[in-house]
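Chain and residue survey
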Amino acid sequence: MTVDDANNGGGTEPAGPPGPPAYPTPHHVVDHTAEPTDDPLAIRLEQLILGADRRYTPFQAARTAGVSMELASRFWRAMGFADIGQAKALTEADVLALRRLAGLVEAGLLSEPMAIQVARSTGQTTARLAEWQIDSFLEGLTEPPEPGMTRTEVTYPLVELLLPELEEFLIYVWRRQLAAATGRVVQAADDEEMVDRRLAVGFADLVGFTRLTRRLEEEELGELVEAFETTCADLVAAHGGRLIKTLGDEVLYCADDAGTAAEIGLRLIETLGHDETMPALRVGIAFGTVTTRMGDVFGTTVNLASRLTSIAPKDAVLVDSALAEELTRTGDAPVSETRAAEEAARAEKEGGPVPSYRFALRPMWQRPVRGLGVVEPWLLSRRPT
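1. Digging into helix α3 (residues 69-78)
Where burial is concerned, most of α3 is hidden: 9 out of the 10 residues are buried. All of the buried residues in α3 are M69, L71, A72, S73, R74, F75, W76, R77 and A78. Phi turns positive, to about 95°, at G80, one or two residues after α3.

What follows is the structure, encoded as structure tokens:
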């Protein structure tokens with residue numbers, strides 16, 4: 001698979017007819033009839049995790065926070081939560097969160113659309129994190145350790161023990177990531193580059209994954225995807241890149257320079273190629289201006305990298321001409337093998353050092369690519385040492 005182009009409340013005031021949200025929540029349909037659970041264990045766990053009892057209806061929470069019901073609803077939806085009518089399901093923490101976001105807008109530190117964006121990006125990221133932790137971590141740990149014990153008897157004390165540790169770790173990782181991202185931004189050449197930056201973007205795609213899903217059991221397929229994503233994430237991070245997202249059989253990463261992206265692409269091929277349980281892999285990398293929004297990347301460069309992946313041979317890396325030019329400019333690859341041989345012969349004759357290159361580039365046939373015109377792909381490989 002490749003990526004193409006990726007209530008008004010109750011109280012004493014009468015409720016007006018609800019209008020469409022100004023900032024509809026993407027990726028899912030909001031269930032406007034959703035009601036909070038009344039399961040006793042779920043309520044106890046909620047109180048433990050949130051650190052407070054249910055106390056407010058949405059209208060009461062908005063009024064206590066000093067914000068309009070309309071703005072409170074937009075914040076709530078942006079964070080990824082379904083409308084709950086006027087059920088008493090919110091806590092002091094919800095009121096504080098509303099007050100903080102609204103305060104940032106009132107102080108002029110954030111515009112209202114930006115505050116909505118902050119709520120949405122945080123909600124989407126943490127929703128996935130929470131689901132991931134429950135599915136792959138807590139679910140396994142809450143298996144009854146002894147015969148006769150129920151999951152219910154194990155879950156509460158386990159969450160009680162884990163919660164403060166996971167919270168501290170989350171804050172630590174977030175601060176580390178924030179420091180790294182801030183460092184990259186302040187080093188940008190100009191203000192425009194802070195948003196529209198020149199980056200190398202790479203896709204890595206498992207070949208024949210759709211056919212594979214028909215042959216493997218669900219558990220086997222899940223293990224393969226997890227191993228693929230974990231290996232890719234580790235390699236991208238270890239060699240200086242940034243993992244943007246995973247899509248099951250495909251990962252998207254980026255790097256500040258062409259050499260780093262090229263090294264990651266080849267490492268992915270080399271590492272996964274030695275794993276007999278993995279299908280063949282193909283990688284496409286492009287270099288150019290990229291727009292960054294909410295941790296994702298967009299633009300023609302991203303689309304081109306995706307297209308290169310779709311036409312790359314098995315267990316090979318294709319790059320665009322811009323990345324090839326950047327590799328030659330930085331001295332990571334020779335302009336041509338003929339030039340490299342001439343340089344080596346001259347150095348040997350004059351007794352000087354032989355030029356050393358990390359990568360080799362071989363031009364492939366130019367071909368039309370839907371939506372992008374004619375592209376000139378280059379086959380990237382590692383030069384023998």
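Additional details are given in the paragraphs that follow.
2. What to know about the packing of helix α2 (residues 58-65) against helix α4 (residues 92-106)
Relative orientation of the contacting elements α2 and α4 amounts to 50°, with a least axis distance of 9 Å. Our classification of the angle between α2 and α4 gives oblique. Crossing of α2 over α4 shows right-handed handedness. Note on element contacts: α4 touches α2 through V95, L98 and R99, opposite A61, A62, T64 and A65.

3. A short note on α4
With 15 residues, α4 extends 21 Å between its outermost C-alpha atoms, agreeing within 8% with the 21 Å of an ideal straight helix rising 1.5 Å per residue. Along α4, the residues classified as buried are V95, L98, L101 and A102. Buried residues in α4, looked at end-on, bunch into an arc of 135°, giving them a common side. The backbone nitrogen of A93 lies 3.2 Å from a side-chain oxygen of the residue at the head of α4, namely T91. Just downstream of α4 lies G108, where phi reads positive at about 80°.

4. Concerning the pattern of salt bridges
Scanning all chains against the criterion turns up 16 salt bridges. In this structure, E263 and R267 form a salt bridge, with 2.6 Å as the shortest nitrogen-oxygen distance. On the criterion of helical spacing, the pair formed by E263 and R267 is a turn pair, its members being 4 residues apart in helix α9 (residues 258-273). Assessed through its relative accessible area of 33%, R267 is described here as partly exposed. For E263, the salt bridge is made with R358, and the minimal N-O distance between the two is 3.4 Å. Here R358 lies in the loop between α12 (337-350) and β7 (359-363) and E263 lies in helix α9, a separation of 95 residues in the sequence. On the basis of relative accessibility, which here comes to 10%, the residue E263 falls in the buried class.

5. Topic: a positive patch on the surface
Judged by side-chain charge, R211, R214, R215 and K314 come together as a positively charged surface patch. Looking at where R215 falls in the secondary structure, it is placed in helix α7 (residues 209-215).

6. Looking at a negative patch on the surface
A contiguous patch of negative charge, built from E217, E218, E219, E220, E223 and E226, is present on the exposed surface. Structurally, E218 can be placed in helix α8 (residues 218-238).

7. Considering the packing of α3 against α4
Axis angle and axis distance: for two packed helices, these are the angle between their axes and the distance between the axes, and together they describe the pair. Where α3 meets α4, the axes come as close as 11 Å, and the angle between the chain directions of the two elements is 105°. One way to sum up the angle between α3 and α4 is to call them roughly perpendicular. Across from A72, F75 and W76 in α3, the residues of α4 making contact are D94, L98, L101 and A102.

8. A look at a nonpolar patch on the surface
Residues I171, W174 and L178 make up a contiguous nonpolar surface patch of roughly 300 Å² in combined accessible area. For L178, the location among the structural elements is in helix α6 (residues 151-186).

Reading the values: the criteria
- Along every chain, residues carry numbers that run from 1 in the direction the sequence is written.
- Totals for whole chains, interfaces and linings use every residue, but because this is a predicted model, local features are given only for residues with pLDDT of at least 70 and side-chain atom pairs only at 80 or more, for both listing and counting.
- Values shown for side chains rest on all heavy atoms present in the structure; no hydrogens or waters enter the calculation.
- Type-normalised accessible area, obtained with a 1.4 Å probe on protein chains alone, sets the label of each residue: buried when under 20%, exposed when over 50%, and partly exposed for intermediate values.
- What counts as a helix is a DSSP run of H or I of at least four residues, what counts as a strand is a run of E of at least two, and both are numbered from the N terminus.
- Axis lines are fitted to C-alpha atoms, over the contacting stretch for helices. Their N-to-C directions set the angle, which ranges from 0 to 180 degrees.
- Every angle not falling under 35 degrees, over 145, or within 65 to 115 is termed oblique; those three ranges are roughly parallel, roughly antiparallel and roughly perpendicular.
- We call a crossing left-handed when the near helix sits turned anticlockwise from the far one by less than a right angle, and right-handed when that turn is clockwise.
- For this analysis, residues touch if any pair of their heavy atoms sits within 4.5 Å.
- Here a helix's expected span is defined as the number of its residues, less one, multiplied by 1.5 Å.
- As used here, the arc belongs to the directions running from the helix axis to the C-beta atoms.
- Whenever a nitrogen or oxygen atom comes within 3.5 Å of another N or O atom, the pair is scored as a polar contact, on the condition that within protein one atom can donate a hydrogen and the other can accept it, and that pairs from neighbouring residues in sequence are kept only if both atoms are in side chains.
- Think of a salt bridge as a Lys or Arg side-chain nitrogen and an Asp or Glu carboxyl oxygen that are within 4 Å of each other.
- Patch members must show over 30% relative accessible area and no salt bridge, and they are joined within 9 Å when carrying like charges or within 5 Å when they are nonpolar side chains of Val, Leu, Ile, Met, Phe, Trp or Tyr.
- The Shrake-Rupley method, run with a 1.4 Å probe sphere, supplies the accessible areas, and residue values consider only the shown protein chains as cover.
- Charged-residue counts in this description rest on Lys and Arg as positive and Asp and Glu as negative, His and the chain ends being excluded.
- By convention, the charge on Lys lies at NZ, on Arg at CZ, on Asp at CG and on Glu at CD.

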